[in-house]
Structure formats: C-alpha cells, structure tokens
Amino acid sequence: MLSPQDQLTELVRALETDQHVFATDPLLITEKLQGENGTPIQKLHRRASRIDSNGALARVLGKIDGRIKGIMIVMSVVWCISGFLGLFTLLQSNVVNFFYVLVCLLGFHTIMLGGWLAMTLVNRDQQSPSWFASFVSPSYLIRGKDDVTKAAVDLYERQLQHSGMRWYLGRFSHQLWLATLTGMLLAIIFLLVVRQYSFSWESTLLSDQALVSLTQVLGWLPSMVGFGVPDSTAIAQSRLVTEAMPLSVARQWAGLLVGSLLMYGIVPRAIAWAFCAMMFRRKKMRLDIKQPYYQKILNFWQRHVVDADDFTEAPAPIAPKATVSVGKKLVALLEYPANQDKWWQSGLDGSNHDFEQSSEVEDFGIVDDRDDMTRLKNYLDAHPVQVLIGIHSNALPDRGTLRKLDQLAAHAKDGLIVQLLSDTNSAADLTDARTDDEPSDKQAVRYQQWQTALSARKIGLVDIDT
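Source: prediction; values computed, not measured.

**Q** Any chance you could explain the overall build of the protein here in plain terms?
**A** The secondary structure content of the protein amounts to 19 helices and 7 strands. For the protein, restricting intrachain contacts to residue pairs at least 6 apart in sequence, the fraction spanning at least 24 positions comes to 82%.

Below, the structure written as structure tokens:
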C-alpha cells in the first residue's frame, strides 16, 4: 500500500480532478509552495497536507486503515484462541501418543508452509488474489455517499489490486498461523504445568529402531537450543506405555514436544512472515509523479525566466550604513574578544562615519552571559548613549545572537550599530569578503548572512574601508 502521506496526496489528486471543493484553495497553496525548498515528493506531501487543513481527508483514510487493521487483529485473536482450545481438547488424556500429537500440531502446518514456499518460487510476479481484495474491500467497512468517502474507497481498492499486495496477503496468512501456533504453545505450557502426562509411541508399519532413529533426528534441532530430549533408553521405555512413567522421562518427552513446536512450527513461520514483510516493503506501491497532474504542478514550481532581457535579479539584502551620533558612545564585544585594543577606531573615523575623536567612548568589555546582558541593559536604561557592538565575523547570526541584538536595540536610546571583526581585524579582510559578486568562500557567505539579518532589523553596519 501507499504510505499515509502518499495516500493523502493521491486522494487530493482524485478529488481535485473531480472538481471537489477543499477547505483550502489548492491554487493558493501551490503558488505559496513555489518558493519553498524540498524535493518534489516532499513538496507534494506538504501541498496535500495544507489543502486538507481541516483534516477531513486524513480522517477518512485513517478510518478505513484502522478498520482493516482491526479486522486483522480480531482474526489473529480468534485464531490464537482456536489453537489454544484445539490443543486443550487434544490433551485431555494423561497418557498421550507423542507422534499422534506432533502430527496434529505440525502436520497440516508443515504442508501449508511447504505449499506456500513452492507457490512463491513458481509464481513470483503473481498479483494478489481477488478474493482477498473483496474480503477486505473498504466498501464493506465504511459507508458514505460523499465525494471524499467514494474517492477514498476507490483509492484503497486500487491499492489492493497492486502486485505487491500478494506479499501483504502472505504476511497476513503467516500472522494467522503464528497466532494459532502461539495459542497451541500456551495451551501446552499451561497443561504441562498443571498436569502430569505420560508419553508413549507405537506403530504398525514402522519398526522400533526406525521410530528410535526418527525421534533422535527430530530432537537434534531442539537439543541445539537447550531443550531436553529423550535418550535411547527413554525412547525404548516409552513404547506402549499405559500408566504413569518416571517424571524425568516425561520431562524429556515434554521438552521435545515444546521444542518441536517452536523450532519446526513457530520459527519457520516467523521467518516466512519476516520475508513477506521485507518483500512487501520492497514492492511497496509508490506515488507516480509522472502523471500529468503532478507534472503540471512540478513544472509550475520549476518555472524559470527564459528571456534574460526581461529579468531583473533581486539584489541581496544589504544592512543600512551605520550613522554615528555626536553624543556619548558605548562599545562592547559580543561573546568573542578582539585581537587589538580600541578595536572600534578601525571603523569609527572622521572620514567614514563623521566620528569626532573628542567624543567620549566607554568600553563596556565583553557581553557573554545573562548577567552581562542584564547589567548592560540596566546601564542603557539609565544613560542615553549610542551602542556599538563588535561581533567576530565568523560568528553565526543564530537565534540567540540576534535575540541579544534585538534586546540591545530596544534599550539603546541613541541607537545600535554593529561592526564585524575578522581574525586580524584588518579592513582588507572584510572588504575582500564582500567584493565578489558571487561569494564562494565561507567568510563571504557568513558576511552576507549578517547583511541579511541586520537589514531585516534595520540595524546599521559599520563599513570598514581600506
């Protein structure tokens, strides 16, 4: 089956093709997604989720899926109970024929498992049986004549006809067998705990030596995982037993019975279940984005300007040039120390920013932790100064740093400006980083990130020229 996101996307396609009215306009959502990042599949999933803004489509799909899974769970429970009751009825006598019980436990199971294996090897590309599709048809599980319900039912029925559903059916079949064998195992353990059994064997056609050899071969695999199995003496003593046998011998036969059920019944069936689950995942139905409906949307998202004469590229955001006031200044470093004293003099000079050398400048030092921020904000609330913040050019304009700048801008009565400092704090470093039309190195990209962040906040950037 399709994944839940693919199912929702396909349901939106089916409904939009039939001119269904959604909670949100699909055209508006498609236009908004044009500028967002993501793979085509991710954007199609995002589009379907936003179109189904009230969750009505997802609820219908979830209801159908929940009812199908509910039927499978109920059937598994019923099969488990039937296995428990069947074996409980079989082991009513205190003296039981070991091979008769073993054949009842694993005979039909082994035949069916072998038949499934043969059919799997012969019919590798066979589609799922039609009876299974009709058995779990959503039309029987959900009633409704509205467009959403009809489209959802049709979507599920198309999935049930997919070739990969044969592995889904195989997994479900093995699940029922596992439930039955688990019920038998629980019944055996329960009866062996509350009752004492004697195990015998007999045969008309097979010789005693043949049955001894058969028992030893049968016990090889359970003995490998720690189950007790009867030895030659115990096997010989158990022929035609009609009364209670020694407890040690009975425990050996009980260990062989439980071990055989596990190693020849539950384990092979669990392996078959895991194989079907793996094949179902590999053959899982995928969203076909080559359909004209999806291609039209993807082409709209990938639309580019062809005529370069009619195209004007949007300029990269640039932070406003810092305007220095004539009053008192406060300079501070944000988190990182500077490589030279009076670092602010490299940017605030008379030729670039109308900075008066006689203006009073107070060096606040480094603002790092919460206490430093509180102390600086308290100072700014009490003194009308312009704040110059020095930030290392390699520092990220992350959420925490930008939040600090927003707080300082709100408390600085005469404004806030920023100066980026390189490792050497030379003017050429930052100038080179921003002279290329298409920056390729890390420093140039980081510089443009700061330009964008400061531009959005209208915070001036000190321009350092050589």
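Structure shown, so let's carry the discussion forward.
**Q** Could you clarify how one ought to interpret a nonpolar patch on the surface in this entry?
**A** Nonpolar side chains collect at one region of the surface, where I73, V77, I81 and L85 lie side by side and expose about 370 Å² of accessible area between them. Among the secondary structure elements, V77 is positioned in helix α4 (residues 56-90).

**Q** It is not clear to me how the nonpolar core should be interpreted in this structure. Could you clarify?
**A** In a soluble, globular protein the nonpolar side chains are often hidden away together inside. Core analysis: the largest hydrophobic core is formed by 44 residues, its most contacted members being L11, L57, I64 and I68. Sequence-distant contacts of L57, defined by excluding residues within four places in its chain, comprise L8, L11, V12, L15, F22, D52 and V148. With 35 residues, the next largest nonpolar core counts M184, F199, L211 and L257 among its residues.

**Q** Even after reading the chapter, I still don't get the pattern of salt bridges, so can you show me in this structure?
**A** Any two side chains of opposite charge can pair, on the condition that their charged atoms come close. By the definition in use, this model includes 12 salt bridges. For K69, the salt bridge is made with D65, and the minimal N-O distance between the two is 3.2 Å. Of the two residues, K69 and D65 are both situated in helix α4; the distance of 4 residues between them amounts to about one turn of the helix. Each of the salt bridges in this network shares a partner with another, and the network as a whole consists of E10, R13, D154 and R158.

**Q** Explain the packing of aromatic side chains here, please?
**A** Here the distance between the centres and the angle between the planes together describe a pair of aromatic rings. What the rule picks out here adds up to 10 aromatic pairs. Measuring from centroid to centroid gives 4.9 Å for F98 and W253, while their planes differ by 55 degrees, and the two rings are tilted. Note that F98 is positioned in helix α5 (residues 98-122) and W253 in helix α13 (residues 247-282), a separation of 155 residues in sequence. Each of the two residues, F98 as well as W253, counts as buried. Taken together through their ring pairs, the aromatic side chains of F98, F99, Y197, F199 and W253 make up a single cluster. Note that K43 overlies the ring of W301, its terminal NZ or CZ placed 4.6 Å from the centroid. A cation over a ring is seen here: R166 above W167, with NZ or CZ 4.5 Å from the ring centre.

**Q** Before we go on, may I ask you to explain the side chain of R47 in this structure?
**A** Positionally, R47 belongs in helix α3 (residues 40-51). For R47, a relative accessible area of 4% translates into the label buried. A polar contact is formed between the side chain of R47 and the side chain of T30, at a distance of 2.8 Å. Apart from residues no more than four positions distant in its own chain, R47 is found in contact with V12, E16, P26, I29, T30, L33, Y293, I297 and W301.

**Q** Any chance you could explain the sheet that holds strand β5 (residues 386-392) here in plain terms?
**A** To summarise the sheet geometry, strands pair through backbone hydrogen bonds and adopt either a parallel or an antiparallel arrangement. Pairing is parallel in the open sheet, where 5 strands are placed in the order β4-β3-β5-β6-β7. Single-partner strands in this sheet number two, and they are β4 (361-367) and β7 (460-461). Note that strand β3 (residues 329-334) and β4 share 6 bridges and pair parallel. Counterpart to A332 in the pairing with β4 is G365. Packing of helix α16 (residues 370-382) onto the sheet brings it into contact with β3, β4 and β5, and relative to β4 it is tilted by some 155 degrees. Its contacts with the sheet put helix α17 (residues 399-411) on β3, β5 and β6 (416-421), and the angle it makes with β6 is roughly 145 degrees.

**Q** Please explain the environment of L298 as it appears in this structure.
**A** Inspection of the secondary structure assignment puts L298 in helix α14 (residues 292-301). Each C-alpha atom, one on L298 and one on L44, is 8.7 Å from the other, the two residues being 254 residues apart in sequence.

**Q** Can you walk me through the packing of α4 against helix α8 (residues 147-160) in this structure?
**A** Working note: a packed helix pair is described by the angle between its axes plus the distance between those axes. Look at α4 against α8: their axes get within 10 Å of each other, and the N-to-C directions meet at 45 degrees. Considering the angle they form, α4 stands oblique to α8. Pair α4 / α8 crosses with right-handed handedness. In this structure, α4 uses L57, V60, L61, I64, D65 and I68 to contact α8, whose residues at the interface are V148, T149, A152, V153, L155 and Y156. Residue composition of the contact of α4 with α8, grouped by class: 10 nonpolar, 1 polar and 1 charged.

**Q** Teacher, can you tell me more about α13 here?
**A** Because an α-helix packs 3.6 residues into every turn, residues spaced three or four apart end up facing the same way. With 36 residues, α13 should reach 52 Å at 1.5 Å per residue; the first-to-last C-alpha distance of 51 Å fits that figure. The largest bend along α13 reaches roughly 30 degrees and is located at L262.

Reading guide: rules and limits
Residues numbered from 1 in each chain as written. Predicted model: local features only at pLDDT ≥ 70, side-chain atom pairs only at ≥ 80, totals over all residues. Heavy atoms only, no water. Helix = DSSP H or I, 4+ residues; strand = E, 2+ residues; numbered from the N terminus. Contact = heavy atoms within 4.5 Å. Patch = residues over 30% accessible without salt bridge, like charges linked within 9 Å, V, L, I, M, F, W, Y side chains within 5 Å. Areas by Shrake-Rupley, 256 points an atom, 1.4 Å probe, with all protein chains shown as cover. Salt bridge = Lys/Arg side-chain N within 4 Å of Asp/Glu carboxyl O. Core = buried A, V, L, I, M, F, W, Y, C linked by side-chain atoms within 4.5 Å. Buried < 20%, exposed > 50% of the residue type's maximum accessible area, 1.4 Å probe, protein only. Phe/Tyr/Trp six-rings, centres within 6.5 Å; stacked < 30°, edge-to-face > 60°. Lys NZ or Arg CZ within 6 Å of the ring centre and 35° of its normal. Polar contact = N/O pair within 3.5 Å; in protein donor to acceptor, adjacent residues only side chain to side chain. Pairing = 2+ DSSP bridges. Axes fitted to C-alpha atoms, helices over the stretch in contact; angles between N-to-C directions. Parallel < 35°, antiparallel > 145°, perpendicular 65-115°, else oblique. Left-handed = near helix turned anticlockwise from the far one by under 90°. Nonpolar A, V, L, I, M, F, W, Y, C, P; charged D, E, K, R; others polar. Expected span 1.5 Å × (residues − 1). Bend = angle between axes of the 7 residues up to and from the residue.

Everything listed here is a matter of coordinates, which is why it stays silent on function.
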